[in-house]
Amino acid sequence: MKRIILRMKRLRQADHQISSQVRAVLVDSLYASPRSLVIGALTSSAIAAVVAWYSDDHWLIACAIGIGLVGLGRIIDTLSTRGSITVREQERGYRLGALSYSALLGLFGLLTLTRTEDGVLHLLSVTTAIGYAAGIAGRNAGRPLIALSQLCCASLPLALGLLIPLHPLKALMAAVILLFVIAMLDITQQTYAVILRATVASEEKAALAEHHARMARRDDLTGVANRTAFREHFEERLGGLSASGGKLALLWLDLDRFKEVNDSFGHLAGNELLVAVARRLDARFGDSGIVARLGGDEFAVLCHIAQTETAESIGTTILDLVRQPVPFGGHRLRSSASIGAAVAPDDGCDADTLLKNADLALYRAKESGRGRFHLYEPLMDEKIERRRQLDAAMEGALERGEFHLLFQPIYGLAQGGITSCEALLRWNSPEFGPISPGEFIPIAEENGLIVAIGDRVLHQACRTASAWPPEVTVAVNLSPVQLRTPDLTATVVSALRTSGLPPKRLTLEVTETVLLDDVERSLAALTELNRIDVCTTLDDFGTGYSSLSYLTQFPFQTLKIDRSFVVDLEHNPASIAIIQTIVDLAAKLGMRTVVEGVETPAQLDQLRRTRCDAVQGFLLARPMTAEQMAGLFTDRTVGAHDPGQEHPLPEAG
Ligand code: C2E
Ligand code: CA
Ligand code: CA
């Protein structure tokens, strides 16, 4: 008995500690078999009614009516849906019904034993109560305190009834009932222990399975949805779109220069950047929309919108979020994103079409310079398709020898001869024919091939120039991507060393957009090049932001004034004034000036008066092969290789 009481105490304590999920399952088990409850309630009520009727005792009749009513209430409770009530409320309700019913049955037994003399009636009510108690101890073992209370409420009054008045055989029967209760208490506790163990194990298994399922839909690194989950969400939301009548914006973003962050600061830095971007996106759009990492440095954001224009403002917000620097080991990692967007149902109704169109828009965003947002436009396909084809054709083109260099002479106005030659890259694709660098260089910058191609250009340009007269320098164009590669200096040194070209005879041209992107790194790279005696030229001056502060801030020896000013020379009198101002300013800062794109003798004439240092253009010479260049030097003529043009740069005139 002591052991049982101790176990009951433990049972109470243990019951307080079970998790809410396990409790819910156990409480649910109370309602698991409504049929047994209904049968139990109906038979007990029927027997009580018969006994009461036979006894004709008003106490028994009242009690039987109580049993019938409570039984009916319990049947209704067990068959009705339980709606929004909590597990605890549910359990409390069940307990109230169960205990009153058991207590009424026990009381009915007690009354039958004490108020009637009929042995058959005694037998009927005692067996009903005992049978009920035995059944209930098993049925409700999942909530043992309820089961045990029901057991006691239904059986103990019987034992009491058998003792009034005291009769040896009835007392023996009362003792048997007490032993029965003790045995049932023990059985119920043990059954409960087994049920509890099984429930906990199955709940743990279910929780684990759910955890795995959740993890399989998360991106390991960033914690946002992965591609699989994204696809599911996307299709689900597209499906609901026709009903809601709104629009769904798909924004596909790609981090610009992510590879560079990885290369320069290591993979941990790259990971940090991805995590930071994912967190920012999730914090901003995760509640109402879906944020997913589609792989690598690509993310997608899905948002319900009312008007297409909203997609653009979401795009702008994302651009701002990505632009904020990410601290990493004392550095501030900077990145930007290119974003392509497609809106359902305007740009497509199924996931595949929308993804394809957002991808096209992304391509377009990258093409128009990084850090931009672009919404899909139906005409995009064609241009982008070509870009994609060229991208694919470029793979291995370097190894297959499809690239070659042409050289365009630059003439010194004072000397009247060639002072330098600009190396200009050409791609002759067997599939697409000659492709202009204006078209293929941005693609090579995007797919990263520019580094290998640029390396080859540097080596070859230096090798070719080493055969030229010693006063002639070679100018090589550098892509912003190359300027940001950490081993640029090593590549330049290697090109100079293998060709034997003195560093002073190499000039590297960079455009001013590169300076805007990352001031510190550009400055460091340019300074480093100057340190090894290689010269630097600011190319296309006047096309970008043209901040004059660049001229003092960055170490350039030469300024190349953009062709657009020369084109304007004849129609726009202001152009000559601008060129003059730039030339004067550059001279004051100790820089040489080259004017490019000279096409007519009139332009040349005007330029001479500005006293710029050198000129370059089709009037003087078109880009030509290394052999043609060599021929030009052996002839020692200075002028156009174009046979139609007669030494366009003789004496000043
Ligand atoms: P850029 O550096 O401004 O090169 C000058 C471009 O102007 C060349 O075009 C040249 O052929 C063209 N040009 C020269 N004189 C005249 C003229 O009188 N009139 C006209 N209309 N054009 C003239 P190209 O060779 O098509 O190169 C285009 C751009 O491609 C270059 O512009 C440069 O930014 C890039 N590029 C060319 N080669 C390389 C290279 O090896 N590496 C890198 N990174 N970029 C290159
Ligand atoms: Ca150039
Ligand atoms: Ca230029």
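What comes next concerns the included structure. Being a predicted model, the structure only gives us computed values, none of them experimental. (Residues numbered from 1 in each chain as written. Chains lettered and ligands numbered in written order. Predicted model: local features only at pLDDT ≥ 70, side-chain atom pairs only at ≥ 80, totals over all residues. Heavy atoms only, no water.)

**Details of the pairing of strand S2 (residues 290-295)**
And then number 1: Where burial is concerned, most of S2 is hidden: five out of the six residues are buried.
And then number 2: In the sheet, S2 pairs with strand S3 (residues 298-305) via five bridges, with the strands oriented antiparallel. By the bridge assignment for S3, valine 291 is matched with valine 301.
And then number 3: Between S2 and S3, which pair antiparallel one after the other, the connecting turn spans two residues, and glycine 296 there sits at a positive phi close to 50°. (Buried < 20%, exposed > 50% of the residue type's maximum accessible area, 1.4 Å probe, protein only. Helix = DSSP H or I, 4+ residues; strand = E, 2+ residues; numbered from the N terminus. Pairing = 2+ DSSP bridges.)

**Some words on the site of ligand 1**
And then number 1: The immediate surroundings of ligand 1 are formed by 21 residues, with Gln408, Arg426, Asn477, Glu599 and Phe618 found nearest.
And then number 2: Within the contact set of ligand 1, an oxygen atom lies 3.1 Å away from a side-chain nitrogen or oxygen of glutamate 422.
And then number 3: Between aspartate 540 and ligand 1, the recorded distance is 3.3 Å, taken from a side-chain N or O atom to an oxygen atom.
And then number 4: Mapped onto the shell around ligand 1, the elements with two or more residues apiece are strand S9 (418-429), helix H15 (437-447) and strand S13 (535-541).
And then number 5: When residues of the shell around ligand 1 are assigned to their parent elements, the largest contribution, four residues, is made by S9.
And then number 6: Considering only residue class, the shell around ligand 1 consists of nine nonpolar, five polar and seven charged. (Near = heavy atom within 4 Å. Polar contact = N/O pair within 3.5 Å; in protein donor to acceptor, adjacent residues only side chain to side chain. Nonpolar A, V, L, I, M, F, W, Y, C, P; charged D, E, K, R; others polar.)

**Some details on the packing of helix H2 (residues 20-30) against helix H8 (residues 168-215)**
And then number 1: As a packed pair, H2 and H8 sit with axes 10 Å apart at the nearest point and diverge in direction by 125°. Considering the angle they form, H2 stands oblique to H8. Relative to H8, H2 is oriented so that their crossing is right-handed. From H2, Gln21, Val22, Val25 and Leu26 reach across to H8, where they touch Tyr192, Ile195, Leu196, Thr199, Val200 and Glu203.
And then number 2: Classifying every residue of the contact of H2 with H8 gives seven nonpolar, two polar and one charged. (Axes fitted to C-alpha atoms, helices over the stretch in contact; angles between N-to-C directions. Parallel < 35°, antiparallel > 145°, perpendicular 65-115°, else oblique. Left-handed = near helix turned anticlockwise from the far one by under 90°. Contact = heavy atoms within 4.5 Å.)

**Here we look at the coordination of the calcium ion (ligand 2)**
When four donors bind a metal tetrahedrally, each ideal donor-metal-donor angle is 109.5 degrees, and when six bind octahedrally, the ideal angles are 90 or 180 degrees.
And then number 1: All of the protein donors around the calcium ion (ligand 2) are Glu422 (OE), Asn477 (OD1), Glu509 (OE) and Asp539 (OD); their distances to the metal are 2.1 to 2.2 Å.
And then number 2: Positions of the donor residues of the calcium ion (ligand 2) along the chain correspond to the pattern E-x54-N-x31-E-x29-D.
And then number 3: Metal-to-metal, the separation of the calcium ion (ligand 2) and the calcium ion (ligand 3) is 3.9 Å; aspartate 539 coordinates the two. Taken together, the positions of glutamate 422 in strand S9 and asparagine 477 in strand S11 (residues 473-477) put the pair 55 residues apart, joining distant regions of the chain.
And then number 4: The class for asparagine 477 is partly exposed, based on a relative accessible area of 29%. (Donors = N, O, S within 2.8 Å, 3.2 Å for Na, K, Ca; no water.)

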